[in-house]
Structure formats: C-alpha cells, structure tokens
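One-letter residues, chain by chain:
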Amino acid sequence: MPLDEDVVASIYREHGPALRRFVLSASRDPQLAEDVVQETVLRVWQHAPDISGSLRSYLYRTARNIMIDNYRRAQRRPESLEGSLTESAGAMEKVDELLNRVLIEEALLRLSKEHRDVLVALHYRRFTVNEAAVQLNIPSGTVKSRAFYAVRALRTILDEMGVEQ
C-alpha cells in the first residue's frame with residue numbers, strides 16, 4: 001500500500017535538498033539530480049511498507065542504486081567516446097564514498113555524546129589515547145573503554161540502518 005500523498009510531499013520537502021546535493025556531488029548535472037531525486041521519492045512511495053530502519057539511509061541507498069542503474073543503462077548503449085564511461089565509473093566510486101560518509105555521519109549522530117567525542121578524537125582527529133584524554137579531560141583508561149563500547153554501539157547502529165560492513 002503506497003504512502004499518502006501528503007507524507008510523500010513531506011519526505012520530498014525534508015529530504016529532497018540533501019538528496020539533490022548528494023547526486024549533484026557525483027554528477028554535476030542539475031537535471032539528472034532532479035530526475036534521480038524524483039525517482040527516489042517515487043520508489044519510496046511505491047515501496048513504503050518494505051522500508052525498515054532509517055528512512056534517510058534508505059533514500060540515499062535508493063538514489064545511489066538509481067544512479068548505478070542509469071550508469072549501467074548508459075553502458076548498454078555506449079557513447080561515441082570511451083572516456084565518458086571511465087568518468088562515469090569514477091563518479092560511481094565517488095557516489096559510494098559520499099554515501100558511506102553520509103551513513104557514518106548519521107550513525108555517529110545516534111551515538112551518545114561521550115562515545116561520539118571519543119571516536120571523533122581517536123579516528124577523525126587522529127589523537128593518541130593520551131592526547132584524547134587531555135583534550136576530553138578524562139582519564140586515558142576511560143578513553144579506551146569508551147572507544148571500545150562506542151565501536152560496538154556504532155556497529156549495532158549501522159546494522160540497524162542496513163549498512164553492510
């Protein structure tokens with residue numbers, strides 16, 4: 001059973017601009033971006049009962065899949081220049097990287113502030129345990145235990161979001 005039109009319009013208003021930026025970062029074609037966003041929202045409308053987990057991650061995965069479908073469709077009808085296919089393959093790798101960043105960012109936001117701060121200090125700022133302890137004003141043993149439990153919690157959140165590791 002499809003979603004109500006008002007719900008779909010709300011999804012489009014809330015997530016459309018972010019999806020458009022996501023697609024534009026990979027394709028640089030505003031018309032293609034709009035087409036992918038519209039197709040993504042259409043699929044959500046058609047498959048709403050099958051969505052489990054995060055709607056945002058479902059939207060990004062769906063948009064990514066649509067871009068891959070478009071790329072594959074273009075491969076079946078090769079263009080006159082082989083270079084454009086190579087550029088498209090590079091664009092798909094960039095899309096995967098961007099999708100992973102978005103999903104990790106969303107998963108990090110679901111962690112407690114204490115766990116998120118430790119992971120950001122250790123993995124993104126590349127602090128040592130002692131540097132992170134000084135920066136966060138907590139003992140180094142606490143940094144280690146929070147990092148352990150934060151990674152465990154992050155894996156659980158990513159599993160709930162349907163992200164394959």
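That block above? That's the structure.
First things first, this report covers the structure right here in the doc. Computed from a predicted structure; not experimentally measured.

## Concerning the packing of helix H1 (residues 5-27) against helix H2 (residues 30-47)
One way to put it is that H1 packs onto H2 with a least axis distance of 8 Å and a crossing angle of 140 degrees. Judged by the angle between their axes, H1 and H2 are oblique. Both H1 and H2 take part in a crossing whose hand is right-handed. For the pair formed by H1 and H2, the contact residues are Glu 5, Val 8, Ile 11, Tyr 12, Gly 16, Leu 19, Arg 20, Val 23, Leu 24 and Ser 27 on the first element and Pro 30, Leu 32, Ala 33, Glu 34, Val 36, Val 37, Gln 38, Thr 40, Val 41, Val 44 and Trp 45 on the second. Its residues placed into classes, the contact of H1 with H2 shows 14 nonpolar, four polar and three charged.

## Some thoughts on the nonpolar core
Residues Phe 22, Val 23, Met 67, Leu 154 and Met 161 are the most contacted members of the largest nonpolar core, which totals 30 residues. Mapped by element, the contributors of at least two residues to this core are H1, H2, helix H3 (55-76), helix H4 (82-110) and helix H7 (140-160). Grouped together as the second largest cluster of nonpolar side chains are eight residues, Ala 121, Ala 132, Ile 138 and Ala 147 included.

## Things to note about the environment of Phe 148
For Phe 148, the position within the fold is in helix H7. Through-space distance from the C-alpha of Phe 148 to that of Leu 119 is 9.4 Å; in sequence the pair is 29 residues apart.

## A few points about the pattern of salt bridges
In the structure shown here, the tally under the stated rule is five salt bridges. One salt bridge connects Glu 34 with Arg 20, and the closest N-O pair in it is separated by 2.7 Å. Taken together, the residues Glu 34 in helix H2 and Arg 20 in helix H1 connect sequence positions 14 residues apart. If you follow the salt bridges from partner to partner, you end up with Glu 39, Arg 43 and Asp 69 in one network.

What counts, and at which threshold
- Residues numbered from 1 in each chain as written.
- Predicted model: local features only at pLDDT ≥ 70, side-chain atom pairs only at ≥ 80, totals over all residues.
- Heavy atoms only, no water.
- Axes fitted to C-alpha atoms, helices over the stretch in contact; angles between N-to-C directions.
- Helix = DSSP H or I, 4+ residues; strand = E, 2+ residues; numbered from the N terminus.
- Parallel < 35°, antiparallel > 145°, perpendicular 65-115°, else oblique.
- Left-handed = near helix turned anticlockwise from the far one by under 90°.
- Contact = heavy atoms within 4.5 Å.
- Nonpolar A, V, L, I, M, F, W, Y, C, P; charged D, E, K, R; others polar.
- Core = buried A, V, L, I, M, F, W, Y, C linked by side-chain atoms within 4.5 Å.
- Buried < 20%, exposed > 50% of the residue type's maximum accessible area, 1.4 Å probe, protein only.
- Salt bridge = Lys/Arg side-chain N within 4 Å of Asp/Glu carboxyl O.

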